[in-house]
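# Observations on the model geometry
One-letter residues, chain by chain:
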Amino acid sequence: MTSLRVRIGILGLVLLAGSAAPASPAVAAAAPAPTVEEQRLDRAVPREILERSGFDAVPLRFTRALGTAHSYAEARKVVVRQGSGLWQRAVDRAQGRGPAGGDLSRDDDRPLYWARLGMTREVRTWEPSFGLTETQRAALLGELERTSRGQTAVRYPGGDRLKRVLATGFDPFTLDRDIRISNPSGASALALDGTVIETAEGPARVETVVFPVRWQDFTDQTVERALRPYLKKVDLFTTVSQGRVGRFDVERTNGAWRGGFPDNDNVGVTGVVPVADPASQPQWTTTTLPYKAIVDADTGRFPVYDNTSVTEIPVGGTVPVVRADGPTAGSAARAGGGGNYLSNEIAYRVTLLRDRLGLHDVLPGGHVHTPVLEFGTGNTDPATGAVTDPGFVKNRLDIIAQVRAILVVAVEKAT
């Protein structure tokens, strides 16, 4: 990892550009430095996670491949091939295909996260002999983000034999609190991608994608770009993120408010969720998942709740008020059931997209919060604790299994 080059950087360009090369290349710009998120790669825990999964070779191979590119077009081909390969390798590892690459459990989502950062850091700091403009560099980073997150790999078979399910996950976050953190929603995405689950209504094909924990990417509408092509084709969707300790929640209501908690680049943003056509933007959106059936079913070890709580500013008020039974008419959102961080925001954005596509009454969809993934007894100190332990692995496997079971119930009861 220490062989990756380092200079001064700009996160906001990551997903702004598309895949095509500029028609008229401008003067090459100096390479920026790694982001705050990428700089964490130099710490011991990420290096250990990569080494114990065999993913430490991924950024090194990527660097070598990128070095063979003699033009922007060749570089783009390398990025697309290697980014797609990283996603497939992570999915295969999670689902038991191919070598484990080390003693880290296969269900672990962290090798994908840290290997991707090694690759984005290389692109961000790369200074090829042919030169890169800022627009070209941003386009390469965008391609790498999309391909390595499964966003370009969603495939559903034709015909009516299979139900089609779309699910999302997130990267690990709060890494300055504990850099060992794994995100069970991302782990669930890897475990479920491309699988067929059997339900009482017949088989269902699950496709998954993973999103970053960065406000700017959401401002740039990466969620809408990634999921819009599929919402009219699927029978059910659920966004998934890590939530509260010891419980699952089906979030009834999502709010149009950002609460400012720092993201993975230590950036905090407060204000109304920025979307296209803000003049028609509602303060609240609602789930269309069969939440009562999900809550009532025996899906696994953790209890599942229908969470109806929100925080609002009532009409005529100025102070936020917690409402246990959902928002009142005309109120302004300050937190959905899932809070006011990016988990609430992805739920808000996708359910708003569902509604704007005219699918509210025909497409079941909403947000599920998993339990917090906890380390085992005695392994709670981030400074001295191990990167994994048997309790940690069991907790993650149990959460993944319960996400799968929740999807089975959702498909059966929404049909």
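Quick summary incoming for the structure in this document.

Conventions we followed
Residue numbers run consecutively from 1 along every chain, following the written order of its sequence. Whole-chain, interface and lining totals are the exception, using all residues; otherwise, since this is a predicted model, local features are given only for residues with pLDDT of at least 70 and side-chain atom pairs are given and counted only at 80 or more. Remark: hydrogens and water are excluded; side-chain values derive from all non-hydrogen atoms of the structure. Segments assigned H or I by DSSP are reported as helices when at least four residues long, segments assigned E as strands when at least two residues long, and all are numbered from the N terminus. Radius of gyration: C-alpha atoms only; globule rule: 2.2 Å multiplied by the number of residues to the exponent 0.38. Burial classification: accessible surface area is computed with a 1.4 Å probe over protein chains only, and a residue below 20% of its type maximum counts as buried, one above 50% as exposed, and the rest as partly exposed. Charge assignment: positive for Lys and Arg, negative for Asp and Glu; neither His nor the chain ends contribute. Here the site of a charge means NZ on Lys, CZ on Arg, CG on Asp, or CD on Glu. Grid spacing is 1 Å over the protein atoms alone, the probe is 1.4 Å, and a cavity is where that probe fits but cannot get out, while a pocket is an open set with protein on both sides within 12 Å along at least five of seven lines and lining residues have an atom within 4 Å of a point. Grid points are joined across faces, edges and corners, and a volume is the space filled by probe spheres set on the points. All amino acids are sorted into three groups, where Ala, Val, Leu, Ile, Met, Phe, Trp, Tyr, Cys and Pro are nonpolar, Asp, Glu, Lys and Arg are charged, and the leftover types, Gly among them, are polar. Whenever a nitrogen or oxygen atom comes within 3.5 Å of another N or O atom, the pair is scored as a polar contact, on the condition that within protein one atom can donate a hydrogen and the other can accept it, and that pairs from neighbouring residues in sequence are kept only if both atoms are in side chains. Interaxial angle, 0 to 180 degrees, is taken between N-to-C directions of lines fitted to C-alpha atoms, where a helix line uses only the stretch in contact. Each angle is binned into one of four classes, with values under 35 degrees roughly parallel, values over 145 roughly antiparallel, values of 65 to 115 roughly perpendicular, and all other values oblique. Note on contacts: a residue pair qualifies if any of its non-hydrogen atoms lie within 4.5 Å across the two residues. This arc is built from the directions going out from the helix axis to the C-beta atoms. What counts as a ring pair is set by centres within 6.5 Å for rings of Phe, Tyr and Trp (its six-membered ring), and what kind of pair is set by the plane angle: stacked under 30 degrees, edge-to-face over 60, tilted for all other angles. Only when the NZ of Lys or the CZ of Arg is both within 6 Å of the ring centre and within 35 degrees of the ring normal is a charge said to sit over the ring. When DSSP finds at least two bridges between two strands, those strands are taken to pair. Definition used for salt bridges: Asp or Glu carboxyl oxygen within 4 Å of a side-chain nitrogen of Lys or Arg.

Below, the discussion takes up the overall build of the chain. A count of helical and extended segments in the chain gives twelve helices and 14 strands. Its C-alpha atoms give the chain a radius of gyration of 21 Å, near enough to 22 Å, the size a compact globule of 415 residues would have. Its C-alpha atoms give the chain principal-axis dimensions of roughly 60 × 50 × 50 Å. Among the 415 residues that make up the chain, the fraction classed as buried is 57%. Positive and negative side-chain charges of the chain, numbering 49 and 47 respectively, have mean locations separated by a distance of 3 Å.

Counted under the stated rule, the structure contains four cavities of 30 Å³ or more. Around the largest cavity, the lining residues are Asp109, Leu112, Tyr113, Arg116, Phe170, Asp171, Pro172, Gly186, Leu190 and Val210. Every element with two or more residues in the lining of the largest cavity is listed here: α5 (110-125) and α7 (184-192). Considered class by class, the residues forming the lining of the largest cavity number six nonpolar, one polar and three charged.

Attention now moves to the environment of Arg47. Among the secondary structure elements, Arg47 is positioned in helix α2 (residues 44-51). Put simply, Arg47 and Ala115 are 68 residues apart on the chain and 9.7 Å apart in space, counted from C-alpha to C-alpha. A polar contact of 3.4 Å, which involves the side chain of Arg47, links it to the backbone oxygen of Arg43.

Here we come to the packing of helix α4 (residues 72-94) against α5. Where α4 contacts α5, the axes come no closer than 10 Å and their chain directions differ by 170°. Viewed along their axes, α4 and α5 adopt a mutual orientation that is roughly antiparallel. Of the residues in α5, those touching α4 at Val79, Gln82, Gly83, Leu86, Trp87 and Ala90 are Leu112, Ala115, Arg116, Met119 and Val123. Classifying every residue of the contact of α4 with α5 gives eight nonpolar, two polar and one charged.

Of all the residues in helix α3 (residues 57-67), the buried ones are Val58, Pro59, Phe62, Thr63, Ala65 and Leu66. For α3, the angular spread of buried residues about the axis comes to 165°, placing them on one side. Exposed and oriented more than 90 degrees from the buried face of α3 are Arg64 and Gly67.

This part covers the packing of aromatic side chains. One pair of aromatic rings is described through two measures. These are the centre distance and the angle between the planes. Counting across every chain of the model gives nine aromatic pairs. Ring geometry for Trp126 and Phe130: centres 5.7 Å apart, planes at 80°, overall edge-to-face. The class for Trp126 is buried, based on a relative accessible area of 5%. Their ring planes at 85° and their centres at 5.1 Å tell us that Phe261 and Tyr341 sit as a pair that is edge-to-face. With Phe261 in the loop between β7 (257-259) and β8 (270-272) and Tyr341 in the loop between β13 (332-335) and α11 (342-356), this pair connects stretches of sequence that are 80 residues apart. By the ring-pair criterion, three or more aromatic residues cluster together here, those being Phe173, Trp215, Phe261 and Tyr341. One cation-aromatic arrangement involves Arg180 over Phe375; the distance from NZ or CZ to the ring centre is 3.9 Å. In this structure, Arg334 packs its charged tip against the face of Trp257, placed 3.6 Å from the ring centre.

Let's shift gears to the sheet that holds strand β12 (residues 321-323). Within the open sheet, the three strands sit side by side as β12-β11-β13. Their pairing is antiparallel. Since the sheet does not close on itself, it has two edges, and those belong to β12 and β13, each with one partner. In this sheet, adjacent strand axes meet at a mean angle of 45° when their direction is disregarded. Pairing geometry for strand β11 (residues 310-313) and β13, over three bridges, is antiparallel. Of the residues in β13, the one forming a bridge with Thr311 is Ala335.

Think of it this way: side chains of opposite charge can pair up when their charged atoms draw near. Within the structure shown, the criterion is met by 32 salt bridges. A salt bridge links Asp171 to Arg149; the shortest N-O distance between them is 2.8 Å. With Asp171 in the loop between β1 (163-170) and α7 and Arg149 in the loop between α6 (134-148) and β1, this pair connects stretches of sequence that are 22 residues apart. The pair Asp171 / Arg149 is uniform in exposure class, with both members buried. Here the salt bridges share partners, and the residues they tie into one network are Glu37, Arg116, Glu145, Arg149, Asp171, Arg214 and Asp217.

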